[in-house]
Amino acid sequence: MRKIAANYIFPVIATPLKNGIIVLDENNYIVDIIDTKGQIKEIQNLEFYSGIIVPGFVDVFTLLSFSSFSGKDFEDCLHDDFGSALKKSLLQKDTTANTIQRGINQLEAYGTVAAADYFILNNHADQKRKSKLSFSDMNAVESNCSLQLPISNKQLNPNQSILLNRMIVEKLNGFAPAESEMNRYCIGTGSLGMHLKLSVFEELKALQEILPDLTFWELIKWGTINGAKHLQIENRFGSLEIGKKPGLNLLTNLDYPNQKFNAASTIKILV
């Protein structure tokens, strides 16, 4: 058994536990979560970390085989019919097989445990199977992307998730998260042509700068349980619960008094 504690354990589906302890079995499944009521005691072989422990991140929108898909291409898709625009754009792009592993490596390195990968030809299935990630394969030809955008003049479908990242929020001027939709916002990084690195964590930090009224507790939900529910994998990922194997990320250098991320905030993968 491995016992891991931190200043805060954030189960995501429950309030943060000060000085909480997570107990893992030999396969990294959670077998216990201990609320110490903030009073941690000496426990044999206990690992204690400064920071917040959260589940592994979930990325609802990646384009691993399309590093040629640029930020400009993505911006051109940001309108009412995002799914159709995305399909049309991808059909005009060449796949870039030589960068697929680089994208997978980056997702793993920045604490992502599950991702949705949109493709035209699924010619990199073997690479995905060999990775540490759980992939949801999305054929962009057979069906439109079900994610919707927070366009102010469009009535949003209450049954569909809402895609967010820095580029979307900057492009769609005046975006303000609605309280009624907080459980539907999900994070998607896209392609290596859009970003230098595929990192849900970096997206959350960027969104914190743009949306300073949000706390990191709220943003973490966008990058974990909301995405897991969208991909229908919340029975395995997205929250810290007994019986799950969601991965553990340690977030450090946070602004605790104001409950914010800042430029110095970092991530370390514990499990």
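Residues numbered from 1 in each chain as written. Predicted model: local features only at pLDDT ≥ 70, side-chain atom pairs only at ≥ 80, totals over all residues. Heavy atoms only, no water.

Enquirer: I keep staring at the overall build of the protein chain and nothing clicks. Help me out?
Expert: Each helix and strand in the protein chain was counted, giving eight helices and 12 strands. Its C-alpha atoms give the protein chain a radius of gyration of 19 Å, within 12% of the compact-globule value 18 Å for 271 residues. Each of the three principal axes of the protein chain carries a C-alpha extent, and together these read 60 × 40 × 35 Å. Buried residues in the protein chain amount to 55% of all 271 residues. Split by element, the accessible area of the protein chain, about 12,400 Å² in all, is 46% carbon and sulfur. (Helix = DSSP H or I, 4+ residues; strand = E, 2+ residues; numbered from the N terminus. Rg over C-alpha atoms; globule rule 2.2 N^0.38 Å. Buried < 20%, exposed > 50% of the residue type's maximum accessible area, 1.4 Å probe, protein only. Areas by Shrake-Rupley, 256 points an atom, 1.4 Å probe, with all protein chains shown as cover.)

Enquirer: What am I meant to see in the environment of threonine 112 here?
Expert: Here threonine 112 shows up in strand S7 (residues 112-119). When the C-alpha positions of threonine 112 and valine 58 are compared, they lie 5.7 Å apart, and in sequence the two are 54 residues distant. In this view, threonine 112 contacts Phe57, Asp59, Leu107, Leu133 and Val200; residues no more than four positions away in its chain are not counted. (Contact = heavy atoms within 4.5 Å.)

Enquirer: Just to check I follow, could you spell out the side chain of serine 161 for this structure?
Expert: Looking at the secondary structure, you find serine 161 in the loop between strand S8 (134-139) and strand S9 (162-164). Overall, serine 161 belongs to the buried group, its relative accessible area being 13%. Within the local environment of serine 161, its side chain forms a polar contact with the side chain of histidine 230, the two groups lying 3.0 Å apart. Dropping the residues within four chain positions of it, serine 161 is found in contact with Ser146, Leu147, Gln148, Arg184, Cys186 and His230. (Polar contact = N/O pair within 3.5 Å; in protein donor to acceptor, adjacent residues only side chain to side chain.)

Enquirer: In this structure, what is going on with the nonpolar core? I would like to understand it.
Expert: Counting residues in hydrophobic clusters, the biggest one holds 61 residues, and the most contacted among them are Phe61, Phe69, Phe74, Phe82, Leu163, Trp222 and Phe261. Tallying contributions element by element places helix H7 (residues 216-222) first for this core, with five residues. Residue contacts for phenylalanine 74: discarding those within four places in its chain leaves Phe61, Phe69, Phe82, Leu163, Asn165, Met167, Ile168 and Met194. (Core = buried A, V, L, I, M, F, W, Y, C linked by side-chain atoms within 4.5 Å.)

Enquirer: Quick question: what am I supposed to make of the packing of aromatic side chains here?
Expert: Both the distance between ring centres and the angle between the ring planes are used here to describe each pair of aromatic rings. In this structure the tally under the stated criterion is 13 aromatic pairs. Ring plane angle 20° and centroid distance 6.4 Å describe the contact between phenylalanine 57 and phenylalanine 201, whose orientation is recorded as stacked. Of the two residues, phenylalanine 57 sits in strand S6 (residues 57-62) while phenylalanine 201 sits in helix H6 (residues 200-210), which places them 144 residues apart along the sequence. An identical accessibility class is assigned to phenylalanine 57 and phenylalanine 201; each is buried. (Phe/Tyr/Trp six-rings, centres within 6.5 Å; stacked < 30°, edge-to-face > 60°.)

Enquirer: For this particular structure, what's the right way to read the pattern of salt bridges?
Expert: Where charged atoms of side chains with opposite charge meet at close range, the side chains can pair. Within this structure, the stated rule accounts for 12 salt bridges. Lysine 72 is the salt-bridge partner of aspartate 76, the closest N and O atoms lying 2.9 Å from each other. You can see aspartate 76 and its partner lysine 72 sitting in helix H1 (residues 71-76), four residues apart, about one turn around the helix. Between arginine 166 and glutamate 170 there is a salt bridge whose closest N-O contact spans 3.1 Å. With arginine 166 and glutamate 170 both in helix H5 (residues 166-171) and four residues apart, this pair spans about one turn of that helix. Relative accessible area serves as the criterion here: at 28%, arginine 166 is assigned to the partly exposed category. Classification of glutamate 170 as partly exposed rests on a relative accessible area of 44%. Residues participating in the shared-partner salt-bridge network are Asp117, Lys128 and Asp137. (Salt bridge = Lys/Arg side-chain N within 4 Å of Asp/Glu carboxyl O.)

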